[in-house]
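Remarks on the overall topology
So the chains spell out like this:
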Amino acid sequence: MSLPAKVMRDGLLEKRSSGLLQLWKKKRCVLTEEGLRLHNCKGGGGGGDAPTSAWSSRAKELRFERMATVDCVEYKRGLVYFTVVMATGKEIDFRCPQDGTAWNAEIALALVRYKNLQAVQTGRNRHLSTAHLGSTGEDEEFL
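This section reports on the structure supplied with the text. (Residues numbered from 1 in each chain as written. Predicted model: local features only at pLDDT ≥ 70, side-chain atom pairs only at ≥ 80, totals over all residues. Heavy atoms only, no water.)

1. With respect to the pairing of strand β2 (residues 24–32)
The following threshold applies: Strand pairing is assigned whenever DSSP identifies at least 2 bridges connecting the two strands. In DSSP terms, a helix is any run of H or I states spanning at least four residues, a strand is any run of E spanning at least two, and both are numbered starting from the N terminus.
For strand β1 (residues 7–16) and β2, the ladder comprises 9 bridges, and the chain directions are antiparallel. Its bridge partner being in β2, E14 is matched across the sheet by K26. Connecting β2 to the antiparallel partner strand β3 (residues 35–41) that follows it, the hairpin turn spans 2 residues.

2. Examining the pairing of β1
Taken residue by residue, a regular strand's side chains alternate between the two faces of the sheet. Examined bridge by bridge, β1 and strand β7 (residues 91–97) share 2 bridges and lie antiparallel to one another. Within β7, the residue paired with E14 across the bridge is R95.

3. Considerations on the pattern of salt bridges
This is how the line gets drawn: Criterion for a salt bridge: a side-chain nitrogen of Lys or Arg within 4 Å of a carboxyl oxygen of Asp or Glu. For the exposure calls, accessible area comes from a 1.4 Å probe over protein chains only, and a residue counts as buried if that area is under 20% of its type's maximum, exposed if over 50%, partly exposed in between.
Scanning the model with the defined rule gives 8 salt bridges in all. For E65, the salt bridge goes to R63, with nearest N and O atoms at 3.7 Å. Given the relative accessible area of 43%, E65 is considered partly exposed. Ionic contacts of the salt-bridge type, sharing partners, join the residues E34, E61, R63 and E65 into one network.

4. Looking at the nonpolar core
Rules: Here, the term nonpolar core denotes a set of buried Ala, Val, Leu, Ile, Met, Phe, Trp, Tyr and Cys residues that are joined through side-chain atoms within 4.5 Å. Every residue pair with non-hydrogen atoms within 4.5 Å of one another is taken to be in contact.
Ranked by size, the top nonpolar core spans 22 residues in total, and within it L36, F82, F94, W103 and I107 carry the most contacts. Mapped onto this core, the elements with two or more residues apiece are β2, β3, β5 (67–76), β6 (79–86), β7 and α1 (103–142). A per-element tally of this core places α1 first, with 5 residues. Discounting chain neighbours no more than four positions away, the residues touching I107 are L31, L36, F64, M67, V70 and F82.

Rendered as structure tokens:
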């Protein structure tokens, strides 16, 4: 990201690894207007909620422009399990505690907001380009 995006939520999520054992790994997640950033814990300990925990400055970014949907919500033993589906079809599994507003709801709402904004901008661009082309064509017909 070139400019810092507005942070909508910052906290812990667990992501299921894509390896053979599919272990759950704690990630510090930052939800912005552009997507979800996942930071690894340095040292592999999981870190905890404290802002002083050792989190990697490098982050994997799941951008909304490449995200298709958030689904497969399941509630089990005080945890919310959900899946982020990318446009490529890749599925990324997450889980978080069930207290308060669940991450899946906030990610889904931010994704819808992003897609709606993109659709409005695309519609405006189309309208402006057809209005511009239409007026140019009309002027030429009357000459």
